[in-house]
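Fold and contact review
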Amino acid sequence: MKKLCGYDLNGWRDFASRNWQIAADGEEAANDNTTEGGVFGSVIVVGDGKASRLVGGAQAGLAPHGRGGGWGALGSDDRRISVRSLLSSPDPSVLALSHAFAGMFVGAGIGVASIDDVTDSSEILQERLLSALRRSKISTPLLVWRPVLSVLYGLSAELIQKPCRVGVINHVDRGFTVQALIVRNHKGQGSGVLAPERRNFSQLIECSLGYEHLAQAALSSLEASAYKHWSAPLHAASSVGRLALGIETKPELLRMNNGDWQALEPPNKLSLEFPDLPSAILHLLRSCDLVLVESLTDGAARQHIHDHFANALGMPLVSLPPSAVAKGALVAATRMSKREPVYFDFLPQISTIVQRPSGAESYDLIDPETTLPAGEIYRSPAPAQFAIQAGQERFSIYLRKQNVTKPRKATVDLDLRLSGTVPVELSVEQSPASGRARIAVYAESLSRQFLVDWDSAEELDEDWSELLAKLEKPEPTVPSRLIIPCSKALWDKSVFEVGFAELVNANANAAEVDWKALADKADDRYARSYAVSSDGQLPSGIDGETLRNLRKLIDQAITHLNLRLSGKLDAGNDSLRFLTWLFRLCPNDVAIILLDAWDQQVSGHKLFNHPSHWKLAYQGFGRIVSDKTLELRAIHKILQKPIQNWVWQRETAALAFMLSRSETAPRQLTRQNVELLARRVLLEFRENLGTTYNKFHYAPFLLVGLIRWRMVDRHALVIGTDPVADTLAKATRRTLADLAHQSRASAQGKYGVILEQILEELHGQGSNPDLLLDIYAGEEG
C-alpha cells in the first residue's frame, strides 16, 4: 500500500488526513483517517542540550512547555513556538516546521500540504514548506492552493459532478479570499478526470473576521473577563483559540507563576462584524455554478459567516467542514499516486526589459495562456535576447513580478572583461506553488550560465512604466550630409593673385581656353570652401556678366568633351576636370558619360587611356551626380564588382562621395548592400593597419556615409543592437590603438579625433554635426 497524506498546516486549526490506519495490534490497514493537530498549534522543545528535541501536533498542545513560570524551567517562553509564527516569519525554521507536520502524521510517501492563495504566500515560504515536508520523511511533497483543495474535496464528496465554474470563499488570516476555478474534464488514459484549473490570483477581502483579528479579539475578551489580580499567562490558554474560532469554550485551569492554579471562565462567543462585499466580487461569485465556503470556525460563528455570504449573494452556498482542506489534500495525493491530474495552474508573470530598435520594451518570459499540471516545470519557450557590450565586466537586468509593486535590478558579475559583444539569453524555469522561479542567463559563446536572484536584487523606486520611460534611449543620431560651401573670396583677388571671376571672364571669349588654369582654379580651396559649393550653388554678389561667361564656358567645355569623345580632338582631361569641380552645377549629361565609361575599363576609353585617369572617372562622377536614377545605376555597377577588387581611389571614393553628400543615395541601399559595404570598410581599415595611412582617405567617409542609412532604418548600425555596428566599432578601436604608435603621429593628428567621433555615431550619440565636413577638411588640407 502506498502511504499518502494531506496536510492543512495553517497555525489556527491544523488537520491532517491519511489513507491508512494503525489498529490496536499495530497492523496497518487501508482506511482514510483525519487527525486534528490542535487549535492555535505549537511546536515545543523537549529536553535540554544535545538531548533536546522538537515535538508538534496534539502532543504539543497538551504539554505544559512554554506555558508560564508556574511550570518552572519547562514554562519558559522559548520552549513553545507557535505554528503561526513559523508560517508568518520571513525566515522560518525548516526543522520546527518539519516537526509540526510530523506531529500529526509521519511515514507517507506522497504528502500534499495547503498554502493560502494570497500574496503573503511568498516563494521563500513555499520552498521552506517543501523542505520541511521532505525533512519529515515525505519523499514526494507538493503544495496546493487552498481554494484548489476545497474544490478537490468538493469533487471527492460529489458536490461537483460535471464541468462547471466553482466559486470558493476561503477564510484566511486577514479576512477572506475569493477565487473562481474552472472544473474541466481532462482526458488521459481511459475516461476523463474532472480537475480544477486556476487562472488568476484570489481576491482578498480584508476585514475584522480574519483569523488574526479574531485571535486578538479573543485574547482581549479573555483579559476583560479575568479577575483584577489575575496572574496566570492568558496568551497560553487554549481558550484563546477556541473562542476565536467559535468552538465551544469550557472553564480552564491555568497555572500562575507561583505554582498555584486559577480557574478561567471564558466567554462563549465573540461579537462579529461582517464586511460589505465589493460589487466586483459579488459579480464574480454570481457568475459561478456553485459557491463553496471554507472556514476553520465552528458553531454559531461558522453559521453566521455562511449566512452573511449567502444573503449578500442571494444564492445558496455549500459550507465545507473544517477538515475539508486536509481531506482535499489527501485527494490530491491520491491523484498523484495514480498519475491523474491534480489541478492546472497559471504562473505569475515575470517580465524583463529588452532594447529593441524601436526602444526599451517590456518582455514577458512566461506565456500568459499557459496552464501547467501540478508539479510540472515550465521553461520559457522564447527567452529574452540581450547583448553584453565589449569591455563590460558586469551587466544589469531589470525584472518585474506579477503582484509585486516595485521592479528590481539584478547585477550579474561576469568575473572577466569582455573583448567583444556577447549575445545572451534570459529564461525562466518554474513550477506552480514550488518556490522561487529559476531565472537564468545563458551566454553560449562563453559556455556559461548565470543565475539571477530576485531576492538579492535592488528594489527600484520607479514602477514598471516609469522605468521603461527612463530607459527609453534617444533616437540614434543621423550624420548630416556633407555640403562643402562656396566662398565669394575665391572669386575675387582677395585670396589669390587671380580670382576665379577674372579667369572666367578672360577665357570666355579667348580663341583658346586655358582649361587647365580654369580646372586648377575651380579646385582651389579657401577656408573649407570652393568657388562653387558641392550642391552647385554660387556665392551671392557675382555680377551678371561673370555668370553669363561661366555658363558660356560650361557649354564650351561640354563641346570640347564631345569632340574628344568623337575622336576629332586629342587633348587632355582638363575641360572634364573643370566641369567636375563645378560639382552639381555641371550638367547631368556629363555624369551619364562618366557612368557609361566605367564599363570600358578593360577595353579602354577615349577619355581615360591610362590607369591613373580612372580616378577622375569615378571621383568626378561622385562630385557631380545629382540624379537618383544615376545614383542607383552607379551603386549597382560598383556592387557587382567583388569588394576585394575595388581600388580605394575609384570605387570606394565614388560611393563615399555619393553616400556622404547626397540626400537620396543612402536611401537607395538595401540591408544587404549595407552589410557588403561594411565589409569593404573593414577591409580598408585592416589593410591600413601598420602603414602611414596614405590610402585611408575615403574609408572614414564611406563608414559615416553608411551610418546615414539610418534615414531608412532609424536604429541601424547602432552598437548593441546591430552586430554590424559592433564589428565596425571593434575595427575603429583597433585603428585608434594602431594610430597611437609614435611613428604614426601625423595620421593620428588627422584621424584620431575623427575616429573617436565615428565611435560616438556608432553608439547612436553623435556629438559633431559637422563630422563629414571635418573629415573632408582633414583630407584636403
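Here is what the cut-offs are and how they apply
Residues numbered from 1 in each chain as written. Predicted model: local features only at pLDDT ≥ 70, side-chain atom pairs only at ≥ 80, totals over all residues. Heavy atoms only, no water. Helix = DSSP H or I, 4+ residues; strand = E, 2+ residues; numbered from the N terminus. Rg over C-alpha atoms; globule rule 2.2 N^0.38 Å. Buried < 20%, exposed > 50% of the residue type's maximum accessible area, 1.4 Å probe, protein only. Pairing = 2+ DSSP bridges. Contact = heavy atoms within 4.5 Å. Axes fitted to C-alpha atoms, helices over the stretch in contact; angles between N-to-C directions. Phe/Tyr/Trp six-rings, centres within 6.5 Å; stacked < 30°, edge-to-face > 60°. Lys NZ or Arg CZ within 6 Å of the ring centre and 35° of its normal. Expected span 1.5 Å × (residues − 1). Arc of directions from axis to C-beta. Core = buried A, V, L, I, M, F, W, Y, C linked by side-chain atoms within 4.5 Å. Salt bridge = Lys/Arg side-chain N within 4 Å of Asp/Glu carboxyl O. Parallel < 35°, antiparallel > 145°, perpendicular 65-115°, else oblique. Nonpolar A, V, L, I, M, F, W, Y, C, P; charged D, E, K, R; others polar.

Observations regarding the overall build of the protein chain
Regarding its fold elements, the protein chain presents 24 helices and 28 strands. The C-alpha atoms of the protein chain give a radius of gyration of 43 Å, which is well past the 28 Å a tight globule of 781 residues would have. Overall, the C-alpha framework of the protein chain stretches about 135 × 60 × 50 Å when taken along its three principal axes. A total of 781 residues make up the protein chain; the buried ones form 52% of that total.

A short note on the environment of L243
Position of L243 among the secondary structure elements: in helix α7 (residues 238–244). Since its relative accessible area comes to 2%, L243 is described here as buried. Along the primary structure L243 and L270 are separated by 27 residues, whereas in three dimensions their C-alpha atoms are 7.0 Å apart.

Considerations on the sheet that holds strand β24 (residues 408–413)
Taken in spatial order, the 5 strands line up as β19-β18-β23-β24-β28 in an open sheet, and their pairing is antiparallel. Every other strand in the sheet has two partners, leaving β19 (359–364) and β28 (458–459) as the edge strands with one partner each. Alignment of strand β23 (residues 394–401) against β24, held across 6 bridges, turns out to be antiparallel. Bridge assignment links Y398 to a residue of β24, and that residue is K409. On top of the sheet, helix α11 (residues 464–471) reaches β18 (350–356), β19 and β23; it is set at about 20° to β18, its chief contact.

Some thoughts on unusual backbone geometry
Positive phi outside glycine occurs at K137, with the angle close to 75°. The phi torsion at N403 lies on the positive side, around 70°, for a residue other than glycine. Inspection of the secondary structure assignment puts N403 in the loop between β23 and β24. Since its relative accessible area comes to 45%, N403 is described here as partly exposed.

What about the sheet that holds strand β6 (residues 80–82)?
One open sheet accounts for 3 strands, arranged β5-β4-β6; its pairing is antiparallel. Of all strands in the sheet, those bounded by a partner on one side alone are β5 (53–55) and β6. Averaged over all pairs of adjacent strands, the angle between their axes in this sheet comes to 25°, without regard to strand direction. For strand β4 (residues 42–46) and β6, the ladder comprises 3 bridges, and the chain directions are antiparallel. Bridge pairing in β6 links V43 to I81.

Observations concerning the packing of aromatic side chains
Inspection of every chain in the model, using the stated rule, returns 23 aromatic pairs. Ring centres of W598 and Y618 lie 4.3 Å apart, and the angle between their planes is 15°; this geometry places the pair in the stacked category. Taken together, the positions of W598 in the loop between α16 (588–597) and α17 (614–624) and Y618 in helix α17 put the pair 20 residues apart, joining distant regions of the chain. Across this residue pair, the class does not change: W598 and Y618 are buried. An aromatic cluster is built from Y530, W581, F583, F701 and Y776, whose rings are joined through pairwise contacts. Sitting above the plane of the W145 ring, R198 keeps its charged end 4.2 Å from the centroid. In this structure, R661 packs its charged tip against the face of F657, placed 4.2 Å from the ring centre.

Remarks on the side chain of H308
One can find H308 in helix α9 (residues 299–313). For H308, the residues in contact, after removing those within four places along its chain, are F274 and P275.

Re helix α6 (residues 211–225)
Here α6 is 15 residues long and its end C-alpha atoms lie 21 Å apart, about the 21 Å a rise of 1.5 Å per residue gives. Along α6, the positions that sit buried rather than exposed are Y211, L214, A215, A218, L219 and L222. One face of α6 carries all of its buried residues, which in axial projection span an arc of 135°. Those residues of α6 that are buried are in contact with β9 (164–172), α7 and β14 (261–264).

A few points about the environment of T334
Here T334 lies in helix α10 (residues 324–337). Given the relative accessible area of 24%, T334 is considered partly exposed. Taking the C-alpha atoms as reference, T334 lies 40 Å from E252; in sequence the two are 82 residues apart.

A few points about the nonpolar core
The biggest cluster of nonpolar side chains holds 104 residues, and the ones touching the most others in it are F500, F578 and F621. Counting residues per element, this core draws most heavily on helix α19 (residues 648–661), which supplies 8 residues. Those residues in contact with F578, other than ones at most four positions away along the chain, are F500, W515, L518, A519, L550, L553, I554 and A557.

Topic: the pattern of salt bridges
All told, the structure shown has 39 salt bridges when counted by the stated rule. Close ionic contact of R146 with D116 constitutes a salt bridge, the shortest N to O distance being 3.9 Å. Here R146, found in helix α5 (residues 146–156), pairs with D116, found in the loop between β7 (110–115) and α4 (123–135); they are 30 residues apart in sequence, far enough to count as distant. Per residue, the accessibility class of R146 equals that of D116, and both read buried. With a shortest N-O distance of 2.6 Å, D599 and K637 are connected by a salt bridge. Of this pair, D599 sits in the loop between α16 and α17 while K637 sits in helix α18 (residues 628–640), and the two are 38 residues apart along the sequence. The exposure class of K637 is partly exposed, given its relative accessible area of 21%. Here the salt bridges share partners, and the residues they tie into one network are R481, D535, E663, R667 and R708.

A closer look at the packing of α17 against α19
Running from N to C, α17 and α19 cross one another at 5°; their axes reach a closest spacing of 8 Å. If you check the angle between α17 and α19, you find them roughly parallel. Residues W614, K615, Y618, Q619, F621, G622 and R623 of α17 lie in contact with α19, whose contacting residues are Q649, R650, E651, A653, A654, F657, M658 and R661. For the contact of α17 with α19, the per-class residue count stands at 7 nonpolar, 3 polar and 5 charged.

Overview of the pairing of strand β11 (residues 192–198)
Of all the 7 residues making up β11, 6 are buried; the element is thus mostly covered by neighbouring parts of the structure. When strand β10 (residues 175–187) meets β11, the two strands line up antiparallel, connected through 6 bridges. Residue N185 lies in a different strand from β11, and its bridge partner there is L194. Two strands pair when backbone bridges link them, and β11 and strand β17 (residues 344–345) are joined in this way by 2 bridges, in the parallel orientation. Considered in β17, the bridge of E197 is made with F344.

Any functional reading would require information that these geometric values do not contain.
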